[in-house]
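Each chain, written out:
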Amino acid sequence: MQTQLRAPCVSHKTRINGVPCSPKVVPRVARVPSGSAPEAPVASPEPTAAQRNVVAQVAKMIHTTTNKKGALVSELPAWQALKEHVNEIEKTHLRDLLHDEARCMSLIKECEGIYGDFTRQRVTQKTLELLFELAEQSNLRGKINAMFNGEHINSTEDRAVLHIATRAHRNQKIFVDGKDVVPDVWEVLDKIKAFSDKVRNGEWLGVTGKPLKNVVAIGIGGSFLGPLFVHTALRTEPVAMRCSRDRSLRFLANVDPIDVARALDGLDPEETLVVVVSKTFTTAETMLNARTVRSWLTSRLGPDSVAKHMVAVSTNLKLVKEFGIDPENAFGFWDWVGGRYSVCSAVGMLPLSLQYGFDLMQEFLAGANNIDEHFKNQPYQDNLPVLMGLTSLWNVSFLGHGAKAILPYCQALSKLAPHIQQVDMESNGKGVDINGVRLPFETGEIDFGEPGTNGQHSFYQLIHQGRVVPCEFIGIVRSQQSVYLKGEVVSNHDELMCNFFAQADALAYGKTPEQLRSDNVPDYLIPHRVFTGNRPSMSIMLPSCTAYTVGQLLAIYEHRIAVQGFIWNINSFDQWGVELGKVLASKVRTVMNSARTRDRKILPQDGFNYSTTRMINKYLEGKTQVLYPEGHDTFPIDMLRGGH
Ligand SMILES: O=P(O)(O)OC[C@H]1O[C@H](O)[C@H](O)[C@@H](O)[C@@H]1O
């Protein structure tokens, strides 16, 4: 049997990622037979100086040759067993697996009103058992508990990860650093209710005395995508429609002035409330957009209008004040809410409550909370986020499928994929494990998606006959909008759902040359018309698309992403990868300003490479505007027309 060197467990904390670690550093080098369980760090008597020296040298040697500080998940016995199990699965075809009714029954889960069908994943009962074993060996349960217990599992930023607290019931208790944070959460929620009620019932008026019926939410990334997803999901839901009659909610995210023009087009500033949403209140795009819209407001309504027409959501109340927004009109949240996990905090709750009313949005929180409890308490085999996370991990890390398609058969869920893109790819697109050790395998998935049936007429060709892309089909039992035309074979929503059912089986079964021959397909076309099938997917059905079920769906996706990150043993809650581009943009900004204000070209001494220098100069030459105008703001004429 082969042996491999395992690195010393060196811990500076008593708990890392929910895993207890000996506070006493006991470097230890073990020879571990591959395929056997890694040993836990053990306490030993104080080593002598000579022993310490030997251990330090061996540890240094291991560190420099393997860069390991602890066992990687890929070294765990269950990971190895899953690798070997791939050979078994490669011999199966979904066509056959779907004939096994006992298997299918065990892979269909009905919980919390949601129907989850995993039968079209390329898994058998044995695969699941091995995945559960991997979860055990990776201490998944311990890591979930660590998250719910408010431990600082975001170790690179030394923060707890507690978006679950933002949707806690008032009587729940959730502690961060010894403090119950639920009262703080509800203090902000109560403030959102009071403020949104006042705006909606006309108690809070604009500076010229008009009701504020339009809201523009300025924010980007996590301060945009989640709220946009939920707003898009509710726009045509009958109760939400009634609650939002005569009101509008728009979003402004991109720093592109075209987005400003579109967001403000036709709006009357006198009737418009602006919500600036930024966790840090330093994000360049958001702050420039906020200054732009402030200028749009004040140029029409005077400087005093800011007090009545601008409010903020942020963790940085100092900068909110410096911007000129009264902290009384600011809605806080906390560093333990990650930006991409913040839709249930004031980030989403303020703009959405202004649009739909707080009471409806509370149902959204209740739906998310329902899944939080499910995730925390259900055993792996009945736990939707765990099953989704594990089967995705199987697809990515063992079957080698690096992408996944999110395919809601519901137009209202059209912004689910863009939101999950950020939550998933920013969380799990990492190159090192939680200890900073470079991973010998890839993490994360490339997420994309469109609502069915639109996607069918776009990229489905590739997923049927080109690359294998595991798909997630999301269907709704009762549509938000019901249409049936007399004489049609089925109602419009049934027509949509016929496609939902058909696509999953088309991917799984495919079409063989024999079937094509018996359909009299000419020989020369057969290779073109063969579908190999055996393409994995899963299906979820929600009873309806309401505030409650949208909350459930959101939490399912958030937690399944955490499951994957916990098992890969990465930090799913930081995002250092977005920094470098920001820093370089800032350097370009400085040089751009100097070039524009001094009417000069970019020079080699500005520090850019040949390509970038030439490209920026080409850009500078091509614009009619050379010098920035002094002393006043400029807008495209139309942007100021204010709907008149
Ligand atoms: O809410 P903000 O502080 O303005 O941040 C907005 C976004 O900024 C960056 O792009 C981060 O990577 C995102 O996670 C975050 O959501």
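Treat the numbers as computed from the prediction; the structure is a model and nothing was measured.

### Description of the overall build of the chain
Next, step 1: Of regular secondary structure, the chain possesses 24 helices and 17 strands.
Next, step 2: Scored against the burial criterion, the 644 residues of the chain give a buried share of 51%.
Next, step 3: Taking the intrachain contacts of the chain between residues at least 6 apart in sequence as the baseline, contacts between residues at least 24 apart amount to 75%.
Next, step 4: When the accessible area of the chain is evaluated, it comes to approximately 29,500 Å², of which 54% is carbon and sulfur surface.

### Describing the packing of aromatic side chains
Next, step 1: According to the stated counting rule, one finds 18 aromatic pairs in the structure shown.
Next, step 2: Look at F148 and F375: their rings are 6.2 Å apart centre to centre, the planes differ by 45°, and that puts the pair in the tilted class. Taken as a pair, F148 in helix α6 (residues 140-148) and F375 in helix α15 (residues 358-377) lie far apart in primary sequence, 227 residues in all. Comparing F148 with F375, the two get one shared label, buried.
Next, step 3: What links up through ring pairs into an aromatic cluster is the set W79, W394, F398 and F441.
Next, step 4: Between K191 and the ring centre of F331, over which it is positioned, the NZ or CZ distance is 5.1 Å.

### Some words on the domain arrangement of the chain
Next, step 1: Assigned domains of the chain: these are domain 1 (95-138 + 378-481 + 499-573) and domain 2 (175-359).
Next, step 2: On a C-alpha basis, the centroid separation for the pair domain 1 and domain 2 is 34 Å.
Next, step 3: The interface is formed by 23 residues belonging to domain 1 together with 18 residues belonging to domain 2.
Next, step 4: Summing the contributions of domain 1 and of domain 2, the shared interface buries around 1,800 Å²; its carbon and sulfur component is 65%.
Next, step 5: Along the contact surface separating domain 1 from domain 2 lie one salt bridge.
Next, step 6: R340 is the salt-bridge partner of E426, the closest N and O atoms lying 2.9 Å from each other.
Next, step 7: At the junction of domain 1 with domain 2, the criterion picks out eleven residue pairs in polar contact (both at pLDDT 80 or more).
Next, step 8: Among the elements of the structure, α17 (416-428) and α22 (547-568) are those that each provide at least two residues to the side of domain 1 that touches domain 2.
Next, step 9: When residues of the side of domain 1 that touches domain 2 are assigned to their parent elements, the largest contribution, seven residues, is made by α17.
Next, step 10: When the residues that make up the side of domain 1 that touches domain 2 are grouped by side-chain class, the tally is eleven nonpolar, eight polar and four charged.

### Quick notes on the sheet that holds strand β9 (residues 214-218)
Next, step 1: Within the open sheet, the five strands sit side by side as β10-β9-β11-β12-β13. Their pairing is parallel. Looking at which strands have only one partner, the edges of the open sheet turn out to be β10 (248-252) and β13 (330-332). Adjacent strand axes in the sheet meet at a mean angle of 20° when their direction is disregarded.
Next, step 2: Taken together, the three bridges between strand β12 (residues 310-314) and β13 define a ladder with parallel strand orientation. Among the inter-strand pairings, S314 is bridged to a residue of β13, identified as G332.

### Comments concerning the nonpolar core
For soluble globular proteins, nonpolar side chains are generally found buried alongside one another.
Next, step 1: In this structure, W336, F364 and L413 are the most contacted members of the largest nonpolar core, which totals 128 residues.
Next, step 2: Here this core gets 13 residues from one element, more than from any other, and that element is α22.
Next, step 3: Each residue touching F364, except ones within four places of it in the same chain, is listed here: V230, V343, C344, M349, A547, Y548, V550, G551 and L554.
Next, step 4: Core analysis: the second largest hydrophobic core is formed by 24 residues, V216, V274, M287 and A330 among them.

### Some details on the sheet that holds strand β16 (residues 471-478)
Next, step 1: Spatial ordering of the open sheet is given by β5-β6-β17-β16-β14-β15, a layout of six strands whose pairing is mixed. Both edges of this open sheet fall to β5 (108-111) and β15 (446-448), since each of them pairs with a single strand only. Averaged over all pairs of adjacent strands, the angle between their axes in this sheet comes to 15°, without regard to strand direction.
Next, step 2: Note: strand β14 (residues 403-408) against β15, three bridges, orientation parallel. Within β15, the position partnered with K404 by the bridge is D447.
Next, step 3: Docked against the sheet, helix α19 (residues 492-509) engages β16 and β17 (537-544), running at close to 150° with respect to β16.

### Section: the pattern of salt bridges
Next, step 1: Per the counting criterion, the structure on display carries 28 salt bridges.
Next, step 2: One salt bridge in this structure joins D180 and K173, with 3.8 Å as the shortest N-O distance.
Next, step 3: Residue D180 is classed as buried on the basis of its relative accessible area, which comes to 16%.
Next, step 4: The class for K173 is exposed, based on a relative accessible area of 60%.
Next, step 5: In this structure, the salt-bridge partner of K210 is E270, at a minimum N-O distance of 3.9 Å. Linking K210 in the loop between α7 (182-201) and β9 with E270 in the loop between α10 (257-264) and β11 (272-277), this pair joins segments that are 60 residues apart in sequence.
Next, step 6: On the basis of relative accessible area, K210 is assigned to the partly exposed category, the value being 29%.
Next, step 7: A residue is classified by how much of its surface remains accessible, and E270, at 18% relative accessible area, is buried.

### Some thoughts on the site of the ligand
Next, step 1: Taken together, 13 residues form the shell around the ligand, and within it S223, S278, T280, T283 and E426 come nearest.
Next, step 2: With respect to the ligand, the side chain of S223 contributes an N or O atom lying 2.6 Å from an oxygen atom.
Next, step 3: A distance of 2.5 Å is found between an oxygen atom of the ligand and a side-chain nitrogen or oxygen belonging to T283.
Next, step 4: When isolated, the ligand has an accessible area of 390 Å², and the protein chains bury 87% of it.
Next, step 5: For the shell around the ligand, a count of residues per class yields two nonpolar, eight polar and three charged.

### Description of the packing of helix α23 (residues 579-598) against helix α24 (residues 610-622)
Next, step 1: Running from N to C, α23 and α24 cross one another at 40°; their axes reach a closest spacing of 12 Å. Relative to α24, α23 is oriented oblique. As for how α23 packs across α24, the hand of that crossing is right-handed. When α23 is examined against α24, the residues V588, M592, A595 and R596 are found in contact with a partner set consisting of I616, Y619 and L620.
Next, step 2: Class assignment of the residues belonging to the contact of α23 with α24 gives a composition of six nonpolar, no polar and one charged.

### Concerning the packing of helix α8 (residues 225-234) against helix α14 (residues 346-356)
Next, step 1: Running from amino to carboxyl end, α8 crosses α14 at an angle of 25°, the nearest separation of the two axes being 9 Å. Looking at the two axes, α8 sits roughly parallel to α14. Pair α8 / α14 crosses with right-handed handedness. Touching P227, V230, H231 and L234 of α8 are V347, G348, L352, Q355 and Y356, all from α14.

Calculation notes
- Residues numbered from 1 in each chain as written.
- Predicted model: local features only at pLDDT ≥ 70, side-chain atom pairs only at ≥ 80, totals over all residues.
- Heavy atoms only, no water.
- Helix = DSSP H or I, 4+ residues; strand = E, 2+ residues; numbered from the N terminus.
- Buried < 20%, exposed > 50% of the residue type's maximum accessible area, 1.4 Å probe, protein only.
- Contact = heavy atoms within 4.5 Å.
- Areas by Shrake-Rupley, 256 points an atom, 1.4 Å probe, with all protein chains shown as cover.
- Phe/Tyr/Trp six-rings, centres within 6.5 Å; stacked < 30°, edge-to-face > 60°.
- Lys NZ or Arg CZ within 6 Å of the ring centre and 35° of its normal.
- Domains from an automatic or database assignment.
- Buried area = accessible area lost by both parts, 1.4 Å probe.
- Salt bridge = Lys/Arg side-chain N within 4 Å of Asp/Glu carboxyl O.
- Polar contact = N/O pair within 3.5 Å; in protein donor to acceptor, adjacent residues only side chain to side chain.
- Nonpolar A, V, L, I, M, F, W, Y, C, P; charged D, E, K, R; others polar.
- Pairing = 2+ DSSP bridges.
- Axes fitted to C-alpha atoms, helices over the stretch in contact; angles between N-to-C directions.
- Core = buried A, V, L, I, M, F, W, Y, C linked by side-chain atoms within 4.5 Å.
- Near = heavy atom within 4 Å.
- Parallel < 35°, antiparallel > 145°, perpendicular 65-115°, else oblique.
- Left-handed = near helix turned anticlockwise from the far one by under 90°.

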